[in-house]
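Working through the structure, step by step
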Amino acid sequence: MVARVTPALGVGIRDLPALDRGAGIPGGTVLPTWIDGSGAMEIVTWNTGEASDLRRYGNRSHAEAQFFEFMRGRDFTSVDIEISHSPCTACADMLVGLLRSMKAKGTTISRPPSRRVGQRIYVGAAIETPPNIPATLRWGTLFETPPQATTPHSLRELHAVGWHMAAPRTAIPNDAGTPAISLL
């Protein structure tokens, strides 16, 4: 998995520890991008478990979980992720939560102007405006391994919170209810 996130304030080159302490390899690497002046950081993560781990519930060994753990509590204004396979249901839930919590931090609340009609004053309801955080998720292959295979429901949840998704036609579930996904 490769993610490009802005801004990269105060972040230097570093290895990320694997979430599964029994893994013999780190969980990823962070590389700030100074050359192009974008102020972004490239975060490269990978699966740290065995292939047989994919057939169990849980996602501690998944690349998305390594990314989520690094990003937890960090502010960002944009995120662009490319992964080899569509996210499993557990990883999709984490990505939904990551974007939802970031948008909640920047939500502004305002009220429309009050209206006077005769002796009465009508006060409008609060208007919540979440920030526009560009979030893109691309993958090349559909993750179909039970028990956490990608589902139309998990993709709808990603879409509903604001993730823009792109994949080849062969990597999109054929089930009814799959949200709009741009073709690569």
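Refer to the structure printed above.
The sections below set out a description of the structure shown in this document. The structure presented is a predicted model; accordingly, all values stated were derived computationally and were not measured. (Residues numbered from 1 in each chain as written. Predicted model: local features only at pLDDT ≥ 70, side-chain atom pairs only at ≥ 80, totals over all residues. Heavy atoms only, no water.)

Description of the pattern of salt bridges
The cut-off we apply is this: Salt bridges are identified by distance alone: a Lys or Arg side-chain nitrogen within 4 Å of an Asp or Glu carboxyl oxygen. Put simply, DSSP marks the helices as runs of H or I at least four residues long and the strands as runs of E at least two long, and each gets a number from the N terminus on.
Applying the stated rule across the entire model yields five salt bridges. Note that glutamate 69 is salt-bridged to arginine 72, the shortest N-O span being 2.8 Å. A salt bridge links glutamate 82 to arginine 138; its shortest N-O distance comes to 3.2 Å. With glutamate 82 in strand 5 (residues 78-85) and arginine 138 in strand 10 (residues 135-141), this pair connects stretches of sequence that are 56 residues apart. Overlapping salt bridges bring together Asp80, Glu82 and Arg138 as one network.

Some details on the sheet that holds strand 3 (residues 28-33)
To be explicit about the condition: Paired strands, as defined in this entry, are two strands with at least two bridges between them according to DSSP. Any two residues having at least one pair of non-hydrogen atoms within 4.5 Å are treated as being in contact. Between N-to-C directions, angles span 0 to 180 degrees; the directions come from axes that are lines fitted to C-alpha atoms, helices contributing only their stretch in contact.
What the eight strands build is an open sheet, ordered 2-3-4-1-5-10-11-12; its pairing is mixed. Looking at strand neighbours, the two that pair on one side only are strand 2 (14-16) and strand 12 (182-183), the edges of this open sheet. Lying on the sheet, helix 1 (residues 63-71) is in contact with strand 1 (2-6), strand 2, strand 3, strand 4 (40-45) and strand 5; it crosses strand 4 at an angle near 140 degrees.

Some thoughts on unusual backbone geometry
Here the bond from threonine 6 into proline 7 is cis, since omega is -10 degrees, no more than 30 degrees from zero. Position of proline 7 among the secondary structure elements: in the loop between strand 1 and strand 2. The step from proline 146 to proline 147 runs through a cis peptide bond, and the omega angle for that step is 10 degrees. Positionally, proline 147 belongs in the loop between strand 10 and helix 3 (152-161).

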